[in-house]
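# Descriptive analysis of the structure
Spelled out from the first residue to the last, the chains are:
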Amino acid sequence: MKSYNNKNWKAFRDEVIRLDGGACAVCGRTLADGVILQVHHKQYLQGFKPWEYPSELCETLCKGCHASEHGKIPPKFGWEHIGYDDLGDLTGTCECCGNNIRYVFLVQHEKWGAMEVGEVCCDNLTSTQAASGLMESRRRYARRLKTFIGSIRWKIAASGIHHLVQDKVHIEIVPQNNEFKLRVNNKMGKMMFKTILDAKIKSFELIESGELGDYVKRQNQKYRDYIDKSRFY
Ligand SMILES: [Zn+2]
Ligand SMILES: [Zn+2]
Ligand SMILES: [Zn+2]
């Protein structure tokens, strides 16, 4: 499952709210009054992402005024999932049920506009498992990471180097000036890591993203090219 990023939407929304002076365009209340500010799209533009609208087609409304602007509560069906973000902690609010949320899903509806909701509301509104599927794959990723970090395949050499062999690739975490570097098949990387854990997490990301495999393929190709050349001369 592809994971999205809400950065564009957040930047756009913040800009609209800023242009409106940080207040609801109808009742004038602000965050300081304890309201949730939302961005309302005054008309629907087919094929536009919520952040691609000209800002003059948008206005800041508090949650209450936004609901009455649309006549009532948001439609229950027909939503499309278009974005995802991890806030790092429970600082988000589901615009559908009001729950505090950490994982934010951006959904849009042709008769309403965009709304940030939690996992359960996203699944319900889109009649899909887009959100729960994404969360499940995140949980599986976290479990694999934990297994990798704690793996007994990691050995510690007398030199203090932590190392393991993964898919015939030799990964070493080499201490250097109180920090650590990654060495892959005897080639030292440039990145510095504060802790061994950071270095292990990075190795895992490189393995999972396929970058490590690609890197080794390139190294092997370089070596083959070198052999071919030396044969030619
Ligand atoms: Zn208002
Ligand atoms: Zn609206
Ligand atoms: Zn919700």
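Notes on the structure follow. (Residues numbered from 1 in each chain as written. Chains lettered and ligands numbered in written order. Predicted model: local features only at pLDDT ≥ 70, side-chain atom pairs only at ≥ 80, totals over all residues. Heavy atoms only, no water.)

### Concerning the pattern of salt bridges
The test is simple: Salt bridge, as applied in this entry: a Lys or Arg side-chain nitrogen positioned within 4 Å of an Asp or Glu carboxyl oxygen. Where helices and strands are cited, they refer to DSSP runs of H or I of at least four residues and of E of at least two residues respectively, numbered from the N terminus.
For the structure shown, the criterion picks out 13 salt bridges. With a shortest N-O distance of 2.8 Å, E179 and K194 are connected by a salt bridge. With a gap of 15 residues between them, E179 in strand 11 (residues 179-184) and K194 in the loop between strand 12 (187-193) and helix 5 (196-208) connect regions that are remote in the sequence. Salt bridges sharing partners connect three or more residues here, namely E136, R139, R140 and R143.

### Comments concerning the sheet that holds strand 10 (residues 169-176)
As a reminder of what qualifies: Strands qualify as paired when DSSP identifies two bridges or more between them.
An order of 8-9-10-11-12 is seen for the 5 strands of this open sheet, with the pairing classed as antiparallel. For this open sheet the edge positions go to strand 8 (155-156) and strand 12, each flanked by a neighbour on one side alone. Bridging between strand 11 and strand 12 involves 4 bridges; their strand directions are antiparallel. Looking across to strand 12, one finds that F180 is bridged to F193.

### Describing the sheet that holds strand 7 (residues 113-117)
Whether parallel or antiparallel, the strands of a sheet pair through hydrogen bonds between backbone atoms. Note the threshold: Lines fitted to the C-alpha atoms define the axes, with helices restricted to the stretch that makes contact. Angles between their N-to-C directions range from 0 to 180 degrees.
Read from one edge to the other, the open sheet built from 3 strands follows the order 3-6-7, with strand pairing classed as antiparallel. The open sheet terminates on both sides in strands that have one partner only, identified here as strand 3 (80-86) and strand 7. Averaged over neighbouring strand pairs, the angle between their axes works out to 20° when direction is ignored. Where strand 6 (residues 103-109) meets strand 7, 5 bridges bridge the pair, whose relative direction is antiparallel.

### Focus on the coordination of the zinc ion (ligand 1)
Put simply, a metal with four donors set out as a tetrahedron has ideal angles of 109.5 degrees, and one with six donors set out as an octahedron has ideal angles of 90 or 180 degrees. Inclusion rule: With water omitted from the atoms examined, metal sites may look incomplete; donors here are N, O and S atoms no farther than 2.8 Å from the metal, or 3.2 Å in the case of Na, K and Ca. Key to geometry: four donors with every angle between 85 and 135 degrees are tetrahedral; four donors are square planar and six octahedral where opposite donors lie over 155 degrees apart and all remaining angles lie between 65 and 115; all other sites are irregular.
Donor atoms from the polypeptide that bind the zinc ion (ligand 1) are C24 (SG), C27 (SG), C62 (SG) and C65 (SG), placed at 2.3 to 2.4 Å. With 4 donor atoms in place around the zinc ion (ligand 1) and angles of 99 to 117° between them, the coordination shape is tetrahedral. The sequence pattern describing where the donors of the zinc ion (ligand 1) fall on their chain is C-x2-C-x34-C-x2-C. Here the residue C27 occupies a position in the loop between helix 1 (7-19) and strand 1 (37-41), and C65 occupies one in helix 2 (residues 63-69), the gap between them amounting to 38 residues.

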